[in-house]
Amino acid sequence: MSMNQSESTALSVEELSELEQLIRQRIQELEEQLPYLNEETQAVSPSCSLGRLTRMEALNDKGVNEHILGETKRNLERLRNALSRMDGGTYGNCIRCGKPMPIGRLRLVPQALICVPCSEKPGRR
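As the structure is a computational prediction, the values presented were derived from the model and not from experiment. Within each chain, residues carry numbers counting from 1 in the order of the written sequence. Reporting of local features is limited, given that this is a predicted model, to residues whose pLDDT is at least 70; pairs of side-chain atoms are given and counted only at 80 or more, and all residues count toward the totals for whole chains, interfaces and linings. Excluded from the side-chain calculation are hydrogens and water; included are all heavy atoms of the structure.

Draft legend 1. Structural view of the overall build of the protein. Only DSSP runs of H or I reaching four residues or more are called helices, and only runs of E reaching two or more are called strands; each is numbered from the N terminus. Looking only at helices and strands, the protein features 5 helices and 0 strands. Counting from the amino terminus, the protein carries its helices and strands in the arrangement α-α-α-α-α. Across the 125 residues of the protein, 28% fall into the buried class. Of the contacts formed within the protein by residues at least 6 apart in sequence, a portion of 60% connects residues at least 24 apart. Note on areas: these come from Shrake-Rupley sampling with a 1.4 Å probe, and a residue is covered only by the protein chains present in the view. Of the roughly 8500 Å² of accessible surface on the protein, a fraction of 51% belongs to carbon and sulfur atoms. Accessible area is worked out with a 1.4 Å probe on protein chains only. A residue is then buried under 20% of its type maximum, exposed over 50%, and partly exposed in between. Contacts between residues were defined by any pair of non-hydrogen atoms, one from each residue, lying within 4.5 Å.

This is the structure we're talking about:
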């Protein structure tokens, strides 16, 4: 099967297995980051003996880490949803046009819901 042919048809069992393994690996990596991010988003104590500028830096770092924590949780949810779509037999199909997405896109963004052509259509983001 040529590359173009495989990219325009439904995913093979081998491709689904590869993508499932990739998704599970990414979930594990993100879950391993959670304890650190949870610790780094704890409140900065006002009684802490930091100078004013150091305290401001600590508060800024906390805000950045809160953003990263939120993104990590959203990515985990998207990856878990991708596994659910695999179980339901809908994984790899664009939710807008219904066509199979290329394996290359799914390798880069395994939680993708929309194919590139649909995501580029004006007014549909």
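Next, the rest of the story.
Draft legend 2. Just the pattern of salt bridges, in detail. For salt bridges, the criterion is a side-chain nitrogen of Lys or Arg within 4 Å of an Asp or Glu carboxyl oxygen. Under the defined criterion, the tally for this structure stands at 5 salt bridges. Across the pair glutamate 66 and lysine 62 runs a salt bridge, and its minimum N-O distance is 2.3 Å. Here lysine 62 and glutamate 66 lie together in helix α3 (residues 52-88), a separation of 4 residues that amounts to about one turn.

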